[in-house]
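# Close look at the chain arrangement
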2 protein chains.
Amino acid sequence: MERRYIEFTTPESAEVVDDTVGAPGDDDVIISVHHAGINRADLLQRMGLYPPPEDASPIPGLEVSGTVAALGKNVSDFAVGDRICALTHGGGYASLAIARADHCLPLPDSMATEQGAALPEALLTVWYNVFERGRLASGETVLIHGGSSGIGSIGIQMARTMGAIALSTAGSSARCAAAAKLGAQYVANHREPDLLGQFSEAGYAGNIDVILDIAGGDLMQTNLDLAAQDGRIVCIGVMRGMQSEINLATVFMKRLTLTGSTLRRLETAERARCFQSIREHIWPAIINGTITPIVDASYPLQKVLEAHQHMQSGRHFGKLVLDCRLI
Amino acid sequence: MERRYIEFTTPESAEVVDDTVGAPGDDDVIISVHHAGINRADLLQRMGLYPPPEDASPIPGLEVSGTVAALGKNVSDFAVGDRICALTHGGGYASLAIARADHCLPLPDSMATEQGAALPEALLTVWYNVFERGRLASGETVLIHGGSSGIGSIGIQMARTMGAIALSTAGSSARCAAAAKLGAQYVANHREPDLLGQFSEAGYAGNIDVILDIAGGDLMQTNLDLAAQDGRIVCIGVMRGMQSEINLATVFMKRLTLTGSTLRRLETAERARCFQSIREHIWPAIINGTITPIVDASYPLQKVLEAHQHMQSGRHFGKLVLDCRLI
C-alpha cells in the first residue's frame with residue numbers, strides 16, 4: 001500500500017514523502033490514518049533532541065486514529081474498516097500507520113476520529129504513571145499538574161472515574177475554571193506566586209496522596225511539601241528544568257516516593273498490559289461520555305510546523321491533532 | 001520495680017536518675033537490660049535536634065538486650081529469665097526497659113548480650129528499607145553505603161543471606177577490606193575522588209538495583225547515576241546534607257524510585273510485621289552464625305557521653321553499645 005508521510009528535512013522544514021508499506025506483521029494492524037495526535041516529544045524529535053529508539057519508526061507521530069486497512073494473521077479483535085485509535089511506535093504523521101493490535105482501542109460510533117487521536121498517549125501515560133507507578137486508590141487525592149494539557153485534561157477525568165479526588169494547576173484563571181469544569185475539585189494558578197500557599201489555604205497541602213508532575217525544576221520541592229504521609233510523586237516531564245533541589249529529610253520523614261517514567265521506553269508487553277487495564281477500567285467511561293477528550297485544534301498534516309508552533313506557544317487547551325486524510 | 005536511667009540534663013551532661021516501673025502492659029515485656037545499642041538518633045535527641053514522638057519514652061535508647069523480668073498477660077512467646085533483644089519505643093538507656101513482645105527476638109545461647117543489642121535497629125531498618133520499600137530480590141545487586149556502620153555491617157550480611165550481590169562504601173582502605181570480609185563483593189572508598197568512576201571501573205555503575213543511602217547531600221545524584229534501569233534508592237539519613245540536587249531526567253529515563261523512611265515514625269503494627277519477616281528470613285542465619293553483629297566497643301552506661309563522643313568521631317567499625325548492668 002502506498003503511504004505518504006512527513007519528514008523533517010531540517011528542524012524548521014517538513015516535506016511530504018512517498019513510500020510503500022508491505023504486509024502487516026502477524027500481530028499488527030495497518031491503519032488508514034484520519035488523525036494523528038501531537039505530543040511534546042514530537043517537537044523534541046523534530047529538533048534532534050529526542051532521537052527515536054532504534055526499533056521505532058523514524059517517522060514522527062506516537063498516536064493515531066482512523067480505520068483498519070489491513071490485519072496481521074494473528075489479529076482477531078478487529079476487522080478491516082473498524083474505527084480505532086492506537087499507540088504507534090513512531091510513524092503516526094502519515095496516511096498509513098502500523099500498530100500492534102494490542103495497542104489499539106475501538107472507537108465508539110459517537111466519537112470523532114479527531115477526538116480519538118487525543119486518547120492513546122494520554123490514557124497510557126496517566127494509567128501507567130498515576131495508577132500503576134503511583135498506585136492511586138479510590139478515595140485518595142491526586143494532583144494532576146497542567147490541567148489544560150492533553151495529559152492533564154484526560155488525567156483529571158480518569159482520576160474522577162476511578163473514584164479519586166482530583167486537584168490541578170493551570171496558568172490563568174480561565175484555564176483554572178476550565179480544568180475545574182473537567183472535574184478537578186480545586187485548581188491553583190501556577191503563574192501566581194506561592195503555589196504551596198494556595199493549596200494550604202484550600203486545605204490540601206500535606207494531604208495529597210499522588211502528584212503527577214510534568215514541570216520538574218523548582219516545582220519538585222513544592223510537590224514534596226504538598227504530599228501527604230506515604231505520598232507518591234510521579235515525574236513525567238521537566239518543562240521547568242531537569243535539575244531539582246530537594247530536601248531528603250522531607251522524603252524520609254514523610255516516607256515519600258519519587259518516581260517517574262517515559263512511555264517511549266516502556267516495553268511492548270507492559271504497554272499491552274496497560275491497554276488491557278484501560279479497556280476494563282476506563283473505556284466504559286469513554287463509551288458513555290463521562291470522559292471526553294478535549295481537542296483544541298486540528299491542522300492538515302502538511303501544516304505540521306504551524307501546529308508545532310501552536311503547541312510551543314502554550315496557547316492551546318487540550319490536544320492538538322493533525323488531519324492526515326488530505327495529503 | 002526500681003529502675004535507674006540516664007537523663008541528659010543539658011546536651012553535655014548526663015545524670016543517673018531513679019524511678020519505679022509499674023506492671024507491664026498486656027502486650028509488653030519488661031526487660032532487665034544488659035546492653036543498650038547506641039544510634040545516631042540518640043545523639044540528635046541529646047542535642048535537642050530530634051525530639052522523641054509524643055507516645056515514646058523521653059528516656060533515650062531505641063534497642064536493648066537482656067533478660068525478661070516481667071510479662072504482660074497476653075504474652076505467651078517468652079518466659080521470665082529468657083534472653084532476648086528488643087526494639088524499644090525509647091527508654092533503652094536504663095536498667096529496665098519496656099518493649100512490645102512482638103518487637104522482641106530470642107537470643108541464641110551462643111550470642112553475648114553485647115552483640116544482641118547491636119541487632120534490633122539495624123535488622124529492622126535494613127529489612128524495612130531494603131527488602132520492603134526497596135523490594136530487593138534474590139539475584140539482584142544492592143549497594144549498602146557505609147559498610148563500617150552498625151547498619152551497613154549488618155546490611156551487607158543480610159543482603160547476602162537473601163541471595164543478593166552486596167556492594168558497599170567505606171572511608172579507608174582498612175574499612176573497605178573489613179566490609180569486603182563481611183561479604184561485600186566490591187567496596188569503594190568514599191573518601192577518594194570520583195566514587196562513580198570507582199564503581200564504573202569495577203563494572204557496577206548503572207547495574208545496581210537497590211541503593212541504601214545514609215549520606216544524602218551531594219551523594220544523591222551519584223546514586224541516581226549508579227542505579228540500574230528500574231532501580232530503587234532508599235534514603236535513611238542525610239549525614240552529608242539534607243539538600244540534594246538531582247536530575248529528574250535520570251529519574252524518569254531510568255524509571256528510578258527514590259524513597260526512604262525513618263523507623264521512629266513506623267507504626268507499631270508495621271514494626272511487628274517486619275519482626276515476623278525477620279524471624280522467618282533472617283533469624284536462622286543469626287542462629288547459625290552466618291550473620292554476626294560487629295561490636296566496636298562497650299561503655300558503662302554512666303560513660304554514655306564518652307560513648308557518644310566515640311560515635312561522633314567516626315572512628316568506630318560496627319556498633320557501640322552501653323553496659324547497663326553496672327549502675
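Keep in mind that this is a model prediction, so the values were computed, not measured.

Here is what the cut-offs are and how they apply
Residues numbered from 1 in each chain as written. Chains lettered and ligands numbered in written order. Predicted model: local features only at pLDDT ≥ 70, side-chain atom pairs only at ≥ 80, totals over all residues. Heavy atoms only, no water. Contact = heavy atoms within 4.5 Å. Buried area = accessible area lost by both parts, 1.4 Å probe. Salt bridge = Lys/Arg side-chain N within 4 Å of Asp/Glu carboxyl O. Polar contact = N/O pair within 3.5 Å; in protein donor to acceptor, adjacent residues only side chain to side chain. Helix = DSSP H or I, 4+ residues; strand = E, 2+ residues; numbered from the N terminus. Nonpolar A, V, L, I, M, F, W, Y, C, P; charged D, E, K, R; others polar. Pairing = 2+ DSSP bridges. Buried < 20%, exposed > 50% of the residue type's maximum accessible area, 1.4 Å probe, protein only. Least-squares fit on C-alpha atoms with pLDDT ≥ 70 in both. Domains from an automatic or database assignment. Phe/Tyr/Trp six-rings, centres within 6.5 Å; stacked < 30°, edge-to-face > 60°. Axes fitted to C-alpha atoms, helices over the stretch in contact; angles between N-to-C directions.

### Digging into the interface of chain A and chain B
Facing 35 residues of chain A, the contacting portion of chain B comprises 35 residues. When chain A packs against chain B, close to 2900 Å² is buried across both sides, 58% of that on carbon and sulfur atoms. Interface area lost by chain A to chain B is led by A:Leu248, A:Phe252 and A:Arg255, which between them contribute 26%. For the pair chain A and chain B, the interface holds two salt bridges. Across the pair A:Glu267 and B:Arg255 runs a salt bridge, and its minimum N-O distance is 3.4 Å. The interface formed by chain A and chain B contains 23 residue pairs in polar contact (both at pLDDT 80 or more). For the side of chain A that touches chain B, the secondary-structure elements that each account for two or more residues are α3 (120–133), β12 (227–235), β13 (243–247), α8 (248–253) and β14 (257–260) of chain A. Considering only residue class, the side of chain A that touches chain B consists of 16 nonpolar, 13 polar and six charged. Of the strand pairs in this sheet, β13(A) and strand β13 (residues 243–247) of chain B are connected by five bridges, and their pairing is antiparallel. When the bridges of β13(B) are listed, A:Gln243 appears paired with B:Asn247.

### A look at the environment of B:Gly289
Residues and elements named next belong to chain B. Along the chain, Gly289 turns up in the loop between α10 (283–287) and β15 (295–300). Take Gly289: its relative accessible area is 40%, and that puts it in the partly exposed class. A C-alpha to C-alpha distance of 30 Å links Gly289 and Phe199, two positions 90 residues apart in sequence.

### Concerning the relation of the copies chain A and chain B
Its rotation angle being 180 degrees, the transformation that places chain A on chain B also includes 0.0 Å of axial translation and leaves an RMSD of 0.0 Å. Both copies are brought into coincidence by an operation consistent with a two-fold rotation axis. Within chain A, A:Glu245 has its C-alpha nearest the rotation axis, a separation of 2.1 Å. Of the interface residues in chain A, 100% have counterparts in chain B that sit at the interface too, so the contact is made through matching surfaces.

### Quick look at the environment of B:Ala228
All names here are of chain B. When you line up the elements, Ala228 lands in strand β12 (residues 227–235). Under the relative-accessibility criterion, Ala228 is labelled buried at 8%. Considering only alpha carbons, one finds Ala228 and Asp209, 19 residues apart in sequence, at a separation of 5.4 Å. Residues in contact with Ala228, not counting those within four places in the same chain, are Gly206, Asn207, Ile208, Asp209, Lys254 and Leu256.

### Regarding the domain arrangement of chain A
All names here are of chain A. Along its sequence, chain A is carved into domain 1 (2–119 + 295–323) and domain 2 (122–264). The gap between the C-alpha centroids of domain 1 and domain 2 is 28 Å. If you look at the interface, domain 1 gives 20 residues, while domain 2 gives 16 residues. On the domain 1 side of the contact with domain 2, Tyr50, Leu119 and Phe317 bury the most area, a combined 42% of that side's loss. Viewed at the interface, domain 2 and domain 1 are joined by zero salt bridges. The interface formed by domain 1 and domain 2 holds seven residue pairs in polar contact (both at pLDDT 80 or more) in total. In terms of residue class, the side of domain 1 that touches domain 2 is built from 10 nonpolar, six polar and four charged.

### Quick look at the packing of aromatic side chains
Residues and elements named next belong to chain A. With the rule as written, the count across this model stands at eight aromatic pairs over all chains. Ring plane angle 75 degrees and centroid distance 6.5 Å describe the contact between Phe8 and Tyr93, whose orientation is recorded as edge-to-face. Within this pair, whereas Phe8 is found in strand β1 (residues 2–10), its partner Tyr93 is found in the loop between β5 (83–87) and β6 (96–100), the two being separated by 85 residues in sequence. Taking relative accessible area as the criterion, Phe8 reaches 17% and is therefore assigned buried. One aromatic cluster in this structure is built from Tyr186, Phe199 and Tyr204.

### Structural notes on the sheet that holds β12(B)
What the 12 strands build is an open sheet, ordered β10(A)-β9(A)-β8(A)-β11(A)-β12(A)-β14(A)-β14(B)-β12(B)-β11(B)-β8(B)-β9(B)-β10(B); its pairing is mixed. Looking at the sheet topology across the chains shown, the edges are occupied by β10 (186–189) of chain A together with β10 (186–189) of chain B. When the angles between neighbouring strand axes are averaged without regard to direction, this sheet yields 15 degrees. Across three bridges, the pairing between strand β8 (residues 141–144) of chain A and strand β11 (residues 208–213) of chain A is parallel. Counterpart to A:Val142 in the pairing with β11(A) is A:Val210. The strands touched by helix α4 (residues 150–161) of chain B within the sheet are β8 (141–144), β9 (165–170) and β11 (208–213) of chain B, with β8(B) carrying the most contacts at an inclination of about 170 degrees.

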